[in-house]
Every structure is written in structure tokens, then in C-alpha cells.
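Given next are the chains, with one letter for each unit.
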Amino acid sequence: MAVEAARAGAEFATELFRTALDVETKASKTDYVTEADTGAQRRIVGRIVDAYPSDTIVGEEGDGRKRLRDGETAWVIDPIDGTTNYVRGIPFWATSVAAVVDGEAVAAANCLPALGDVYHAGTDGVIHDGAAATVTDTAALETSVVAPTLRYGREHGTAYGSLLDTLSPAVGDVRRLGSAQTALSLVAGGHVDATLGVVESHPWDTVAGVHLIRQAGGQVTDLRGEPWTPRSEGLVASNGRIHDDLLALLS
């Protein structure tokens, strides 16, 4: 169902990608929402509700639930993660669906339709476009590729610049993709060694991708090294081999 619902939303968003859109803003002048976001969310919710009419849905758009409660069963959805990319015609965006049972993610699907990629997982590994996927085996920070993620706007002051100052001398290279679920998927698929964020995140930005990374053999913690939850302070997600070094660097 996670895959089916994510594909349904992604198909709707793809139809409108790189077309003339009515663009509005939410919390800031660069926090966009379009008819593609709202329409894709309706498609996703429709598929889920048809099969699970009594289930809770936590989604980015609309006036519904915005937080996961401890120990609950719910679906977490993001119709377009990376809307700024989407609005500007940049192909790094994802349609994301995760299923959480008794507070634990049990399924996730991230569709990256502009790239032709789908990542999904139940509780027995990750599939990327029909084949098993695993995290990288990079063991040294100085050869790693790290993707800082989550929103870094003016409301967070110098947080992003400070993070780059910390990372740049220590890692092999840095990528800022503009879509948290895309970055998390690339870690799970073995394309990027780690992704991290030091500001508050939302469940729709993180839950699906975190599940993918854990199922692909990676490690996801907060900034103190404790197992990550949707209420954690910060997020550090890696292949596991460079995780302790990343935590030490960030401390």
C-alpha cells in the first residue's frame, strides 16, 4: 500500500512538473505550496483511506494532523518533498509514504519520479528499482560524501553556514540536494554515505527515509548518538561505518 499510494501521488505531481503553476507560500517566502502538492496528497490519502478507512494520516499539506503521537498507528505522507526544487524545475524531489504501527515504522516508499527511481522497504531490506539495495561501505570521513539536509532558511540564522564550516574540512565532499527524503533515499541506496540535519524536522520529511536507511543496514541517531525518533533533536543518518566519527565532529 505504501508503494501504491506513493506512486499515485507521484504520477499526479509528475503531470504538473515543469508546467505553469499557481504557487503560494506558507511559513516563509520560500516555503512553497502548489496545486501539485495538494492534488498529490489527495491522491495518496484517497488510496490509503479506501483500504484503511479508520487509520490516522499525518501529512504536510492541509489542516490535518501534523505530529505523530507516541505508540500510535498512522500513515505519514509528503506529496512533494523538495517543493522549491519542484517549483524551479529541479528534479530532486520525492513523494513519500510511510506506515507506522505501534510507534514503529514498518513500511516506507519514496518515489523520485523525475529521476526514475523508487525506493521501498517493509521489514526485510530495501528494494531500489527492483533490486536489493544497501548502504555504502565507506569507512573514512575524508573519502565520504555527506548531504546536509532539512530546511536551512533565514529563520535558522547561521546554522547551515556553521555546519558547512564543520563538515567541509573533514569529509570528502558535501551535497545539498534540497529534499530530505531524496537525500535519505540516496543513503539507503548506497549513493551517498551520510545525511544530517541540526534543526527541527517534521515526520513527513524523515520517517520514510529513516526506515529505508535502517532496513538498508545503516544507522540513524540524534546528535547525541541516541536512536532517532520523530521527536529527536537533530538527525544523523549514515552507512554506520562513519557514524561515530560524524557524531564526534558534530559535538
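Thresholds applied
- Residues numbered from 1 in each chain as written.
- Predicted model: local features only at pLDDT ≥ 70, side-chain atom pairs only at ≥ 80, totals over all residues.
- Heavy atoms only, no water.
- Helix = DSSP H or I, 4+ residues; strand = E, 2+ residues; numbered from the N terminus.
- Rg over C-alpha atoms; globule rule 2.2 N^0.38 Å.
- Buried < 20%, exposed > 50% of the residue type's maximum accessible area, 1.4 Å probe, protein only.
- Contact = heavy atoms within 4.5 Å.
- Areas by Shrake-Rupley, 256 points an atom, 1.4 Å probe, with all protein chains shown as cover.
- Lys, Arg positive; Asp, Glu negative; His and termini not counted.
- Charge placed at Lys NZ, Arg CZ, Asp CG, Glu CD.
- Salt bridge = Lys/Arg side-chain N within 4 Å of Asp/Glu carboxyl O.
- Axes fitted to C-alpha atoms, helices over the stretch in contact; angles between N-to-C directions.
- Parallel < 35°, antiparallel > 145°, perpendicular 65-115°, else oblique.
- Pairing = 2+ DSSP bridges.
- Phe/Tyr/Trp six-rings, centres within 6.5 Å; stacked < 30°, edge-to-face > 60°.

### Comments concerning the overall build of the protein chain
Then step 1. A count of helices and strands for the protein chain gives 7 helices and 14 strands.
Then step 2. In terms of C-alpha radius of gyration, the protein chain reaches 17 Å, essentially the compact-globule figure of 18 Å for 251 residues.
Then step 3. Every one of the 251 residues in the protein chain was classed for burial, and the buried ones make up 49%.
Then step 4. Contacts in the protein chain between residues at least 24 apart in sequence constitute 62% of all its contacts with a sequence separation of at least 6.
Then step 5. Per element, the accessible surface of the protein chain, about 11100 Å² overall, is 47% carbon and sulfur.
Then step 6. Across the protein chain, the centroid of the 20 positively charged side chains sits 5 Å from that of the 35 negatively charged ones.

### A closer look at the pattern of salt bridges
Then step 1. Scanning the entire structure with this criterion turns up 5 salt bridges.
Then step 2. Of the charged contacts in the structure, one is a salt bridge between Glu4 and Arg47, with a shortest N-O distance of 3.3 Å. With Glu4 in helix α1 (residues 2-16) and Arg47 in helix α2 (residues 35-51), the pair connects residues that are 43 residues apart, well separated along the chain.
Then step 3. On the basis of relative accessibility, which here comes to 36%, the residue Arg47 falls in the partly exposed class.
Then step 4. Between Arg231 and Asp70 there is a salt bridge, with its nearest N and O atoms 2.9 Å apart. You can see Arg231 sitting in the loop between β13 (219-221) and β14 (235-238) and its partner Asp70 sitting in the loop between β3 (56-59) and β4 (74-81), a full 161 residues away along the chain.

### Description of the packing of helix α5 (residues 180-188) against helix α6 (residues 203-215)
Then step 1. For the pair α5 and α6, the least separation of the axes is 8 Å and the interaxial angle reads 5°. When the axes of α5 and α6 are compared, the pair comes out roughly parallel. Mapping the contact onto sequence places Ala180, Gln181, Leu184, Ser185, Val187 and Ala188 in α5 and Trp204, Asp205, Thr206, Val207, Ala208, Gly209, Val210, Leu212 and Ile213 in α6.

### A closer look at unusual backbone geometry
Backbone phi values are negative for most residues with the exception of glycine, while trans is the configuration of most peptide bonds.
Then step 1. Its identity is not glycine, yet Arg18 carries a phi of approximately 60°, on the positive side.
Then step 2. Relative to the elements of secondary structure, Arg18 occurs in the loop between α1 and β1 (23-25).
Then step 3. For Arg18, a relative accessible area of 58% corresponds to the exposed category.
Then step 4. Although it is not a glycine, Asp129 sits at a positive phi angle of roughly 50°.
Then step 5. Among the secondary structure elements, Asp129 is positioned in the loop between β8 (126-128) and β9 (131-133).

### Describing the environment of Val49
Then step 1. By the element assignment, Val49 lies in helix α2.
Then step 2. What makes Val49 partly exposed here is its relative accessible area of 33%.

### Remarks on the sheet that holds strand β10 (residues 145-148)
Then step 1. Here we have 5 strands laid out as an open sheet, ordered β11-β10-β12-β14-β13, and mixed in their pairing. The outermost strands of the open sheet, each flanked by one partner alone, are β11 (173-174) and β13.
Then step 2. As judged from the 4 bridges shared by strand β12 (residues 194-197) and β14, these two strands associate in the antiparallel manner. By the bridge assignment for β14, Leu196 is matched with Val236.

### Side note on the sheet that holds strand β6 (residues 104-112)
Then step 1. With respect to topology, 7 strands assemble into an open sheet ordered β3-β4-β5-β6-β7-β8-β9, the strand pairing being mixed. This sheet does not close on itself; its edge strands, each paired only once, are β3 and β9. On average, each strand axis in the sheet is tilted by 20° relative to the strand beside it, whichever way the strands run.
Then step 2. Sheet strands touched by α2: β3, β4 and β5 (94-101). Its angle to β4, the strand with the most contacts, is close to 150°.

### Quick look at the packing of aromatic side chains
Then step 1. If you walk through the whole model with that rule in mind, you get 4 aromatic pairs.
Then step 2. Seen in terms of ring centroids, Phe17 and Tyr86 are 5.2 Å apart; in terms of plane orientation they differ by 40°. Their pairing is tilted. Of this pair, Phe17 sits in the loop between α1 and β1 while Tyr86 sits in helix α3 (residues 83-87), and the two are 69 residues apart along the sequence.
Then step 3. Residue class for Phe17 comes out buried when judged on its relative accessible area of 13%.
Then step 4. Judged by centre distance (5.4 Å) and plane angle (55°), the rings of Phe17 and Trp93 are tilted. Of this pair, Phe17 sits in the loop between α1 and β1 while Trp93 sits in the loop between α3 and β5, placing them 76 residues apart in sequence. Here Phe17 matches Trp93 in class, with each residue buried.
Then step 5. Taken together, the ring pairs connect Phe17, Tyr86 and Trp93 into an aromatic cluster.

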